[in-house]
Amino acid sequence: MLLCHSRSLSLKPYSFISMATHRHNHRRSPEDLSQNGERHHNDTHNHSATKKPKLSLITAEELRSEFAHHSPSVARINNGSFGSCPATIISAQQKWQLKFLQQPDDFYFNTLQPSILKTRTLIKSLVNADHVDEISIVDNATTAAAIVLQHITWSFFESRFSTGDSVVMLHYAYGAVKKSVAAYVTRAGGHVVEVKLPFPLTSNDEIISEFRKALEKGKENGRKVRLAVIDHITSMPCVVIPVKELVSICREEGVDRIFVDAAHAIGCVEVDMKEIGADFYTSNLHKWFFCPPSVAFLYCRKSDKVSDMHHLVVSHEYGKGLAIESAWIGTRDYSSQLVVPEVMNFMNRFEGGIDGIRKRNHDKVVEMSNMLMKAWGTNLGSPPEMCSSMAMVGLPACLGISSDSDALKLRTHLRDCFGVEVPIYFRAPNDGEVDLVTGYARISHQVYNTVDDYYNFRDAVNKLVNDGFTCSLL
Ligand SMILES: Cc1ncc(COP(=O)(O)O)c(C=O)c1O
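Since the model is a prediction, treat every value here as computed from it, not as a measurement. (Residues numbered from 1 in each chain as written. Predicted model: local features only at pLDDT ≥ 70, side-chain atom pairs only at ≥ 80, totals over all residues.)

Observations regarding the sheet that holds strand 4 (residues 191–195)
Piece 1. Reading across the sheet, the seven strands line up as 2-8-7-6-5-3-4 and stay open at both edges, with mixed pairing between neighbours. Strand pairing shows two members of the sheet lacking a second neighbour, strand 2 (135–138) and strand 4, which therefore form its edges. Within the sheet, the average angular offset between the axes of one strand and its neighbour, ignoring direction, is 20 degrees.
Piece 2. Here strand 2 pairs with strand 8 (residues 296–300) via four bridges, running antiparallel. Bridging across to strand 8, Val138 finds its partner in Ala296.
Piece 3. Docked against the sheet, helix 6 (residues 141–157) engages strand 2, strand 5 (225–231), strand 6 (257–261), strand 7 (280–284) and strand 8, running at close to 160 degrees with respect to strand 7.
Piece 4. Together, strand 3 (166–170), strand 4 and strand 5 form the strand contacts of helix 8 (residues 204–218), whose direction differs from that of strand 4 by roughly 160 degrees. (Pairing = 2+ DSSP bridges. Helix = DSSP H or I, 4+ residues; strand = E, 2+ residues; numbered from the N terminus. Axes fitted to C-alpha atoms, helices over the stretch in contact; angles between N-to-C directions. Contact = placed C-beta atoms within 7 Å.)

Points about the site of the ligand
Piece 1. Neighbouring residues of the ligand: 13 residues in total, closest Asn140, Thr142, Tyr174, Ser235 and Ala263.
Piece 2. Of all the secondary structure elements, the ones that give two or more residues to the shell around the ligand are helix 6 and helix 7 (175–186).
Piece 3. Residues that form the shell around the ligand fall into these classes: five nonpolar, six polar and two charged. (Near = placed C-beta within 6 Å. Nonpolar A, V, L, I, M, F, W, Y, C, P; charged D, E, K, R; others polar.)

Focus: the sheet that holds strand 9 (residues 390–394)
Piece 1. In spatial order, the strands read 9-12-11; together these three strands make up an open sheet with antiparallel pairing. Looking at the sheet topology across the chains shown, the edges are occupied by strand 9 and strand 11 (424–426). If you compare each strand with its neighbour and ignore which way they point, the axes differ by 30 degrees on average.
Piece 2. Packing of helix 13 (residues 353–376) onto the sheet brings it into contact with strand 9 and strand 12 (439–444), and relative to strand 9 it is tilted by some 5 degrees.

A look at the environment of Met347
Piece 1. The residue Met347 is located in helix 12 (residues 340–347) in this model.
Piece 2. The spatial distance from the C-alpha of Met347 to the C-alpha of Ile357 is 7.7 Å, given a sequence separation of ten residues.

Some remarks on the packing of helix 5 (residues 104–126) against helix 12
Piece 1. Orientation of helix 5 relative to helix 12, taken along the N-to-C sense of each, is 40 degrees, at an axis distance of 9 Å. Judged on the interaxial angle alone, helix 12 and helix 5 are oblique. In contact with Lys118, Thr119, Leu122 and Ile123 of helix 5, helix 12 contributes Val340, Pro341 and Met344.
Piece 2. Class assignment for the residues of the contact of helix 5 with helix 12 results in five nonpolar, one polar and one charged. (Parallel < 35°, antiparallel > 145°, perpendicular 65-115°, else oblique.)

Some words on the packing of helix 13 against helix 15 (residues 451–466)
Piece 1. One way to put it is that helix 13 packs onto helix 15 with a least axis distance of 10 Å and a crossing angle of 20 degrees. In terms of axis orientation, helix 13 runs roughly parallel to helix 15. Seen from above, helix 13 lies across helix 15 with right-handed handedness. Two secondary-structure elements touch here, helix 13 through Met368, Met371, Leu372, Ala375 and Trp376 and helix 15 through Tyr454, Phe457, Arg458, Val461 and Asn462.
Piece 2. Residue composition of the contact of helix 13 with helix 15, grouped by class: eight nonpolar, one polar and one charged. (Left-handed = near helix turned anticlockwise from the far one by under 90°.)

Notes on unusual backbone geometry
Piece 1. Cis geometry is found at the peptide bond from Phe199 to Pro200, where omega equals 0 degrees.
Piece 2. In this fold, Pro200 is placed in the loop between strand 4 and helix 8.
Piece 3. A cis geometry characterises the amide bond from Met236 onward to Pro237, with omega recorded as 0 degrees.
Piece 4. At Phe290, a position not held by glycine, the phi torsion is positive, near 70 degrees.
Piece 5. Tracing the chain through its elements places Phe290 in the loop between strand 7 and strand 8.
Piece 6. When the 26 C-beta atoms within 10 Å are taken as the criterion, Phe290 is described as buried. (Buried ≥ 20, exposed ≤ 12 C-beta atoms within 10 Å, placed from the backbone.)

Focus: the nonpolar core
Piece 1. Formed by 132 residues in total, the largest nonpolar core has its most connected members in Val229, Ile230, Val260, Cys291, Val343 and Ile443.
Piece 2. For this core, the element with the highest residue contribution is helix 6, accounting for eight residues.
Piece 3. For Ile230, the residues in contact, after removing those within four places along its chain, are Leu170, Ile241, Val243, Leu246, Val247, Ile258 and Val260. (Core = buried A, V, L, I, M, F, W, Y, C linked by C-beta atoms within 7 Å.)

Below, the structure written as structure tokens:
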């Protein structure tokens, strides 16, 4: 067991907020939406008609105070795992909680349902869905995946699908979702085909050609491909998947249903239901959208095929459609689902709103990944256009990361001894590969990050290298 060397962190803030005024014209930005989710069609021509309170851009000081509850001794470059929630939203959530506790019956009969509808309406506009009924609010992406997979299971049990019909999913699908596919679909008789992907990746073409091969495999022996599970942004290693192209290939190839697991997507990449064209799409709102844990939306495209959708937890509203069922799954805390209007106001305090935040996070994470790669003489996991607000950076080979367990131990060591929180990925060498990078760090950038967070990480790794550290010492 290696002892910790030091805990030297100087978290000096830096500001990337431009104080210049900016008219943001993206068609689906929350800036174009009022609090009740209605779009202001005449926004550019008729300012007086919008009547929305003018929000001033957040200052560097206000930004620091929004995230002052983050542990000051940790360089948190892992927004991807659990997201982050600013003080304004924590306080909005507490108000909702108190409102319930003050008069639960009134809250239940008069407040909860219209408030969840408001959230659904805002999300519907933000993601360009056709109808608010297509948007359900659920706990998290794991729950959303289980709802979709339960629906697929019934198709096997009720003989709409045949035993041996296929499900195609990425090899890099999220571990919990893979287990859910096994628990629901394999058990019901489905045959799972994984899309093998190389890593590092250099282009979308590599993904597209492997995906096509997997679909062909899924159709072997007269099977039908009943479901494709496609990540929008894979978790580990992280890469933005050309989801629109893959959905369109699925349609050409007659895949029955397409589920996009986009747990990281909203606030991180562009999300447009009409452009993507999937049957099901879920994104967490607590990862990159500043909601408190936990809340996600599940989009289910309106069609006869997907009408029989139900929440996993059956309650009073059973049979009234997934969105209504999901809005009451028994007595519990619904507050994280109700703060979306406040979240939108928060994001609109940044230049360019959600799109501006997303773009700056992307630019910064690319800049920081390049800085780390150069400092360590390694390589990146993918080109910048395949990164979102997260990027994979190769770690020096001499660290000797030779298993998943090494990767986890190194992560723990970085946390305990250097105050750096970053997930590490073990990439097994292919036959004949020697002295190659076998470990990659997944770095995130969110509005609260400062350049010192990444310098701390760089310096921690440099120290380990200079000290002759290898994972075998842990
Ligand atoms: C691709 C992907 N799917 C699903 C999940 C599960 O999200 P949650 O734990 O919020 O349900 C994650 C979490 O990181 C993820 O990265």
